[in-house]
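Results of the structural survey
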Amino acid sequence: MNEHSTQNSMKYLSFTLKEQPYGINVDNIVQIIAIPEITPIPQTPHYIKGVINRSGRITPVMDLRLRLTLPEREYDDRTSIIVVKVPIQNSVVTIGMIVDNVLEVLDIKDEFIEELPTLSTSIDNHYIEGMAKIKGKVITLLDSGRILSRKELNEMHHLQNEKKA
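Residues numbered from 1 in each chain as written. Predicted model: local features only at pLDDT ≥ 70, side-chain atom pairs only at ≥ 80, totals over all residues. Heavy atoms only, no water.

1. Describing the side chain of Thr16
Relative to the helices and strands, Thr16 resides in strand β1 (residues 9-17). Owing to a relative accessible area of 14%, Thr16 belongs among the buried residues under this scheme. Ignoring anything within four residues of it in the chain, the contact list for Thr16 reads Pro21, Val99, Asp100, Asn101 and Leu103. (Helix = DSSP H or I, 4+ residues; strand = E, 2+ residues; numbered from the N terminus. Buried < 20%, exposed > 50% of the residue type's maximum accessible area, 1.4 Å probe, protein only. Contact = heavy atoms within 4.5 Å.)

Written out as structure tokens, the structure reads:
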């Protein structure tokens, strides 16, 4: 067997936002749930929809469309929340990300992932891990640890610890 024949690959959960495919590393996913009742929290950014109670755990929820400056839309029966864990300091914060539609888990080889081309220095795209070409489509791979800033993650961590159910 040729030593170069084994390719490194990662598993990504694919989902859509505004009919465009995105992916997030499955290692960071805690669970995928239907949209439950969301309790709003005053004085949070517009993309933070509030918190949900996940079996006694308070979890902040953001609308990923709004975070990525895409147009808002009404939630339907295909809308889901992907709950991810993000390491912060000596702890972990869990955050729910509302997406239009969860698709499938993809095994993406490193050779199919490319860095995002530099288009403009004014565009904030630090949360994009790369672009993958799969089945004739380009999938934007997101880094769940960079979708929110360190300051926002600290606020979410504080919120979770303050409001434990």
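2. What to know about the pairing of strand β10 (residues 128-134)
With two bridges connecting them, strand β9 (residues 113-114) and β10 associate as antiparallel partners. Residue Glu114 lies in a different strand from β10, and its bridge partner there is Met131. Alignment of β10 against strand β11 (residues 137-142), held across six bridges, turns out to be antiparallel. Each bridged residue has a counterpart across the sheet, and for Gly130 the counterpart in β11 is Leu141. Between β10 and the antiparallel strand that follows it, β11, lie two residues; Lys135 among them carries a positive phi value of about 50°. (Pairing = 2+ DSSP bridges.)

3. Here's the deal with the environment of Pro45
Its location among the elements puts Pro45 in the loop between β3 (29-34) and β4 (48-54). The spatial distance from the C-alpha of Pro45 to the C-alpha of Met62 is 9.2 Å, given a sequence separation of 17 residues.

4. Thoughts on the sheet that holds β1
One open sheet holds the six strands; their spatial order is β8-β1-β2-β11-β10-β9, and the pairing between them is mixed. In this open sheet, the two edge strands, each paired with only one partner strand, are β8 (101-109) and β9.

5. Brief notes about the packing of aromatic side chains
Remark: the centre distance and the inter-plane angle together describe each pair of aromatic rings, the angle taken between the planes. What the rule picks out here adds up to one aromatic pair. A centroid spacing of 5.9 Å and a plane angle of 15° characterise the contact between Phe15 and Tyr22, whose relative ring orientation is stacked. In terms of burial, Phe15 and Tyr22 fall into one category: buried. The positively charged end of Arg67 is found above the aromatic ring belonging to Tyr47, 5.0 Å away from the centroid. (Phe/Tyr/Trp six-rings, centres within 6.5 Å; stacked < 30°, edge-to-face > 60°. Lys NZ or Arg CZ within 6 Å of the ring centre and 35° of its normal.)

6. Regarding the sheet that holds strand β6 (residues 80-88)
Strand order in the open sheet formed by five strands is β3-β6-β7-β5-β4, and the pairing between neighbours is mixed. Whereas interior strands pair on both sides, the edge strands pair on one side only; in this sheet they are β3 and β4. Each strand of the sheet is rotated relative to its neighbour by a mean of 30°, with strand direction disregarded. As defined by bridge partners, β4 adjoins strand β5 (residues 57-63) across six bridges and the pair is classed as antiparallel. (Axes fitted to C-alpha atoms, helices over the stretch in contact; angles between N-to-C directions.)

7. Comments concerning the pattern of salt bridges
In this structure the tally under the stated criterion is 10 salt bridges. In this structure, the salt-bridge partner of Asp100 is Arg73, at a minimum N-O distance of 3.1 Å. Residue Asp100 is found in the loop between β7 (91-99) and β8, and its partner Arg73 is found in the loop between α1 (64-67) and β6; the two are separated by 27 residues along the sequence. Overall, the relative accessible area of 8% leaves Asp100 in the buried class. (Salt bridge = Lys/Arg side-chain N within 4 Å of Asp/Glu carboxyl O.)

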